[in-house]
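# Residue-level structural notes
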Amino acid sequence: MDDLVDFDINDSLKYYSIDPSSIATPAAPQELADCEHDPESLTAALINRELNPVVDAVAENPDAITRSSVFDTLQFLLKNSSQIPLATLSKILDLLVSAVSAQADIIHSDLEVDEQETLQQHKQILEIYGFLLQWTISAVETRALEKSASEPAKGRGKGAKSKTGPNKDGHWDSSAQLETALDKMSKVLKLKLARIFVTTSERDTFVGLFTKPVYYVLENEARVKNTAIRMHCFRVLCIAVKHHGHAFGAQTAINQNLSYFEHLSEPMAEFLQILAEQYDYPQLTEEVLKELSTKEFNSNDLKGPKSVSTFLTKISELTPHLVIKQMSQLANLLESESYTLRCAMIEMLGNLIVMLSKQSGDERSELSKNHVDVFFDVLQERMLDVNQYCRCRVLQVYVRLCDLEEKFPKRRQKIAGLAAQSLDDKSSNVRRNAIKLLGKLVSTHPFTVHGGELLSHKEWTTRLEDTEARINALKPPDELKEKPASDDQTVDETLLQDATQVESAEPKQPQEMTDEEKAAAVKKMQEEAATNQMLEFLQKTRKYYVEALKFIEVLDYAAELVTRLLSSKNKSEVIEAMDFFTIIDAYKIENARTGIRRMLRLIWTKGNSDEGKGVQTHLIECYKGLFFDAPPNFNANDTANYIAKNMISLTFGTTPAELTSLEQLLSTMKKQGVVNDLVVQKLWQIYGIQRRDISKTQRRGAIIVLGMLALAEPDIIVQEMETCLRIGLGDFGRRDLGLARYTCIALRRISPPPGKKAAASEPVKVVKLPNDHAILVRLAAMTEIVSDNEDWFGVAEQAISAIYVLAKHPDVLCSEILRRKTKHVFPSQVLSRPTSSGSPAEEADLMDVDETPGAPTEEPAQLKKQNSASALSQLLFIVGHVAIKQIVHLELCEQEFKRRKAEKEKTAAPSESPASVATSAAKKGRKKGGNKEKTPAPEEADELDLMAGTTEDDFTEAIAHIRERELLFGPQSLLANFGPMVSDICANNTSYNHPTLQAQAALCLAKLMCVSSEYCEGNLGLLLTILERSKDAVVRSNLVVALGDMAVCFNHLIDENTDFLYRRLNDSDPSVKRTCLKTLTFLILAGQVKVKGQLGEMAKCLEDNDKKIADMARMFFTDLATKDNAVYNQFVDMFSVLSADTGLDEDAFKRIVKFLAGFIEKDKHAKQLANKLAARLPRAENERQWNDVSYTLGLLQHKDEEIQKTIAEGFKVVQAAA
């Protein structure tokens, strides 16, 4: 029989805590002891040879652990736990767990029968097993952490069955064994340990043997994620706290865990909840919260506050009834420097409000209501927190509170106001959450009792007025109301008393009332009571309606601010804004449609956001939900009608910019298959209906939408060309010129725009019609409608554009239009110019014959009605537009030539011959151009094919020659006749003083100047004079744009005259200023004009009264700053211009300079600018100049002590010597 072990738990723990390897194991087997200094020789076979007898002995009787050899064998193996195989460690853990379980059963039975003499022996055995179990679990966890660190992927997926690996490298998942171990530990702790461990210190030491390994297990994040292990750990700790006085130890451990292990924040809260609810021990939660309320953190410690914040948030969510008791102390954390702790407090307040709101009527007390009010007040204060994350958290808490059954109507008004204010917050995060909150307030609003859920301001105002009218009807009229009569006050009281006394003798007689009188009295009383009751109800209703209207007004105001945020650079904020408008539109809030229309421009947003779906995709989804998703009970036909009507409604009251964006949106949606053929069919039905009771806007809307859809699918128009001819280019179009204009735009979609021909197959789809095609004949006729209506210009513009897109020989057709229009304007000169281009008139005559049945029939009747100045204006408009279109046409010819030449070089020679034969045959049937000698030649596909031998440079030079010398100066050019005439009309504005004529003449002059540099140079002075002197803002805007075009075409001419452009930045009309700023922005950013110090004028626009101009200027400088130090290079010049402008307010100057200085980011640049500006300080002529320089120097990070010293001395007033 072995000697019994002499075991002292305190000594063993002391040596274990210092160094486990220092624990002596004299009774360990000699074979194992020999391997102590050579761990590699500890083979599995050797270990098993010595361990198996130990296992057998302990399995037979748990008391065997008290033998020295058994105890020291286990201690020796645990000392070398890092070297022994995992299978051995697993076997030791199994042994100890089963032995502890068996010993617990023995102790339990002995305690039941009150065996006092065995208690001391049980105490020692429990301590030994507890000590070994702590050591073993620590060893297991150490090995587990090593494995997870070295092989994180390989360790996964192995089940509990593989727990005994065959060698040192075997993988072992100890989770199942650990669960069993923790379960048996709980079993031991459930024993009446107070009878075994008499003193508190003994008991605490023993309980520590079980709790310390539990805390060690919890330090492993992977273990905590395993729910079974986590719950077993909590169970051990809960029993220790509840029954064995471990509360203070647990409190200390929780505090340490929160400081050092972030992953334990939420599990510790979960542990405290289980302890409070299942073990009825809330005291520990309260003590932990008290301790945290006074805890101070190092300013450099980021992990601690974050971990505590997560814990506080979780504990308030799980046990709010315990947290609320400590709120008076926890309130200190609201003053903490750590924003994460303040965020946690905000979250806690929300959780407590949630708990109080869910209390039933019996539980609700006045104290609870007061608590809710206080918590809401604190949340409101936190909206002014300096940290954006705290402000965000308040808004997020409000969003959560909106979903509660209790609506808190009074608080909602304040919350809505706060959210609206937050839309101006400097943080995009706060703004985004404010938008989300407003959307949630709308979708959960409490005003659903009387008027339904919609929030239309108009409807609620009507209800309020009706209610007030009913209240006034129930109130007695003024003449029936009791009035304190002024006469009564003058009557002597004694007289009244005497009168009463005199009459008091007789009142007893009429007291007897008849049944009828009684019934009438009762009825009257009932009516009065009913009236008072109704009046009280109506008063409450009125108050309810007033509250609803206040809420709606806040939302209307907020919608205006959110509309601005649609332009934000933060894409998640933009997406949130779109969702907001989708929500409020469903509730019929008036300003929703403005925002939905503003959303259209987002279709041009580039790229996708990192936060999720791209802005474009989200926009399409929003529009689908708003306008394309029909009610579920609609059939296919009803759905198509619904979508068609909605699409048409989108065109009502839109600006040209909005129509362009809508076009992009609808064409994109058509490509994605959102719009089906049945909807297109319905749109054609609306457009083509012959009844006149259909509104103009609907018919116009239908063709606008069809034209937009045709951008994605041209066949939509091709299939219904007859309808377009009959309606838009027929009688309906002549009566409604707007309809005709949009029909022309739709017809242009038959042929894809040139810029879209990216794919190899695209050129095949280009549609070119012969000049005698019905569509072209009708388009030409539309330009010759005799009308003084301003809409005529829009029709003519689009008709000519359509001709240039669709016609095979547009120049020939437009020549004929010009001839006929000229004959109409100058009837007396018809014979003097029969043909201005010689022989090609034959084809023109044929064109005249085709046209005569259509156009001339109306002319004699309306000729007298048309103003001669209007007719001339229309002619000049056609001249100018044809000139511009001809330039574009020539450029397209050049592109087409280059494309075909490139194709021919790629293809084999045989492919050329059929084309040559076909083209030469076609060539014979047709004569050369109508109005220009060489222009038609490039356009003809056949002639282009024949020019295979021409080089690209030759062709480009030929086109340039036609543009420069032929179009406006060629002997056979029709446009050559109009150049001098237009100049003459513009120069003699007193003789030709009709405003429309002058406006069209100036526009025509500008367009002709874009054609030829010679003509441009000859008339530039005239154009600039008109720009300076014209009183018509539209003329000035047109000429600003024209100068921009000329700067691109003929840079050498305009470069010296850019000052005229910059002067328009000071124009009296905002529209001209905006146009000028846009033009200059394009020219400067594209590098088309050289900047010579005029940027100061653009900088002044940053403080313009027109917000759009200020925003555009801000955007310009932001873009300019990205181009090669442009702001730095121009900074001194801009400063000089701004400082010299005495009309510029000093505060405005400071704001502009501060904005510009923000783009000087490099220290080197800041120093150089500072030196240049500092040189101006001594030369400052007055204090304002000195202040301007010193303020600017203060903005630049120059760090120059000399400059700072000069500024510190201040402005010196020096008196000049006499």
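All values reported here derive from a predicted model rather than from experimental measurement.

Another aspect to go through is the overall build of the chain. Helices and strands together make up the secondary structure of the chain, namely 61 helices and zero strands. When burial is assessed residue by residue, the chain has 49% of its 1218 residues classed as buried. By sequence separation, contacts in the chain at least 24 residues apart represent 74% of the contacts at least 6 residues apart. When the accessible surface of the chain is split by element, carbon and sulfur atoms take 50% of a total near 59900 Å².

Counting across every chain of the model gives 23 aromatic pairs. Judged by centre distance (6.2 Å) and plane angle (70 degrees), the ring pair of W792 and F877 falls under edge-to-face. Placement of the pair is W792 in helix α39 (residues 791-806) and F877 in helix α43 (residues 868-906), with a sequence separation of 85 residues. There is no split in this pair, since W792 and F877 are both buried. An aromatic cluster of three or more residues is present, and its members are F447, W460, Y544, Y545 and F551. When the ring centre of F1060 is taken as origin, the NZ or CZ atom of R1063, which lies over that ring, is 4.6 Å away. A cation over a ring is seen here: R1114 above F1155, with NZ or CZ 5.8 Å from the ring centre.

So, about the pattern of salt bridges. A full pass over the atoms with the stated rule returns 41 salt bridges. The shortest N-O distance in the salt bridge between D385 and R342 comes to 2.8 Å. Remark: R342 occurs in helix α18 (residues 339-357) and D385 occurs in the loop between α19 (366-382) and α20 (388-401); sequence separation between them is 43 residues. Among the residues examined, R342 registers a relative accessible area of 8% and is labelled buried. For R564, the salt bridge identified is with D424, shortest N-O distance 3.2 Å. Pair noted here: R564 is in helix α26 (residues 515-565) and D424 is in the loop between α21 (409-422) and α22 (428-443), with a separation of 140 residues, a long-range link. For R564, a relative accessible area of 43% puts it in the partly exposed group. One salt-bridge network, held together by shared partners, links E1028, R1036, R1063, R1064 and D1067.

Further remarks concern helix α14 (residues 283-293). Those residues of α14 that fall on the buried side of the exposure criterion are L284, T285, E286, V288, L289, L292 and S293. Tucked into the core, α14 has its buried residues touching α11 (227-244), α12 (247-260), α13 (265-277), α15 (303-318), α16 (320-323) and α17 (327-330).

Next up on the list: unusual backbone geometry. In this structure, D280 takes a positive phi of about 50 degrees despite not being glycine. For D280, the position within the fold is in the loop between α13 and α14. A residue is classified by how much of its surface remains accessible, and D280, at 56% relative accessible area, is exposed. Of note in the backbone geometry, K588 takes a positive phi value of approximately 60 degrees without being a glycine. With respect to the secondary-structure elements, K588 resides in the loop between α27 (571-586) and α28 (592-599). Exposure remark for K588: the relative accessible area of 47% places this residue in the partly exposed category.

To describe two helices that pack against each other, one gives the angle between their axes and the distance between the axes. Interhelical geometry of α15 versus α18 gives an angle of 5 degrees and a closest axis separation of 8 Å. One element, α15, and the other, α18, form an angle in the roughly parallel class. Contacts between α15 and α18 involve P305, K306, V308, S309, L312, T313, S316 and E317 on the former and, on the latter, T340, L341, A344, E347, M348 and N351.

Here we take up the side chain of K79. Within the fold, K79 resides in helix α4 (residues 68-79). The exposure class of K79 is buried, given its relative accessible area of 15%. In this structure K79 touches P20, S21, I23, T25, E36 and W135, once residues within four positions along its chain are discounted.

Right, let's talk about the environment of A250 for a bit. Of note, A250 is situated in helix α12. Among all residues touching A250, those that are not within four sequence positions of it are Y215, V241 and L284.

What follows concerns the environment of Q685. Following the sequence through the fold, Q685 ends up in helix α32 (residues 677-688). We classify Q685 as partly exposed; its relative accessible area is 43%.

On the surface, L474, M534 and F537 cluster together into a nonpolar patch covering about 230 Å² of accessible area. Among the structural elements, L474 can be located in helix α23 (residues 457-474).

Another point: the side chain of Q1130. Within the secondary structure layout, Q1130 lies in helix α57 (residues 1126-1140). Setting aside its immediate chain neighbours within four residues, Q1130 contacts V1091, G1093 and L1095.

Counting residues in each nonpolar core, the largest one holds 350 residues, and the members touching the most others are F311, L312 and L779. Broken down by element, this core gets its largest block of residues, 13 residues, from α26. Setting aside anything within four residues of it in sequence, one finds L312 in contact with L289, L292, L330, L333, L341, A344 and M348.

Turning next to α15. Given 3.6 residues per turn, any residue in an α-helix points the same way as the ones three and four places further on. In this model, α15 (16 residues) spans 23 Å end to end at C-alpha, consistent with the 22 Å of a helix rising 1.5 Å per residue. Looking only at α15, the buried set comprises G304, P305, S307, V308, S309, F311, L312, T313, I315 and S316. Contact partners of the buried residues in α15: α12, α13, α14, α16, α17 and α18.

Here we come to the packing of helix α3 (residues 44-60) against helix α5 (residues 86-112). Packing of α3 against α5 brings their axes to within 10 Å, and their N-to-C directions diverge by 10 degrees. The orientation of α3 with respect to α5, classified from their angle, is roughly parallel. Where α3 abuts α5, its residues I47, N48, L51, N52, V54, V55 and V58 lie against T88, K91, I92, L95 and A99. Residues that form the contact of α3 with α5 fall into these classes: eight nonpolar, three polar and one charged.

This paragraph deals with the confidence of the model for the chain. In this model, the chain carries a mean pLDDT of 78, and residues with pLDDT of at least 70 account for 82%. Of all helices and strands in the chain, the one with the weakest mean pLDDT is helix α41 (residues 841-851) (32), whereas α20 scores best (91). Residue range residues 1214-1218 is modelled with pLDDT below 50. Its contacts to residues more than four positions away, or to other chains, number zero contacts.

So, on to the environment of D373. Looking at where D373 falls in the secondary structure, it is placed in helix α19. When the C-alpha atoms of D373 and R411 are compared, they prove to be 9.0 Å apart, with 38 residues separating the residues in sequence.

Conventions adopted
- Residues numbered from 1 in each chain as written.
- Predicted model: local features only at pLDDT ≥ 70, side-chain atom pairs only at ≥ 80, totals over all residues.
- Heavy atoms only, no water.
- Helix = DSSP H or I, 4+ residues; strand = E, 2+ residues; numbered from the N terminus.
- Buried < 20%, exposed > 50% of the residue type's maximum accessible area, 1.4 Å probe, protein only.
- Contact = heavy atoms within 4.5 Å.
- Areas by Shrake-Rupley, 256 points an atom, 1.4 Å probe, with all protein chains shown as cover.
- Phe/Tyr/Trp six-rings, centres within 6.5 Å; stacked < 30°, edge-to-face > 60°.
- Lys NZ or Arg CZ within 6 Å of the ring centre and 35° of its normal.
- Salt bridge = Lys/Arg side-chain N within 4 Å of Asp/Glu carboxyl O.
- Axes fitted to C-alpha atoms, helices over the stretch in contact; angles between N-to-C directions.
- Parallel < 35°, antiparallel > 145°, perpendicular 65-115°, else oblique.
- Patch = residues over 30% accessible without salt bridge, like charges linked within 9 Å, V, L, I, M, F, W, Y side chains within 5 Å.
- Core = buried A, V, L, I, M, F, W, Y, C linked by side-chain atoms within 4.5 Å.
- Expected span 1.5 Å × (residues − 1).
- Nonpolar A, V, L, I, M, F, W, Y, C, P; charged D, E, K, R; others polar.
- pLDDT = per-residue confidence, 0-100.

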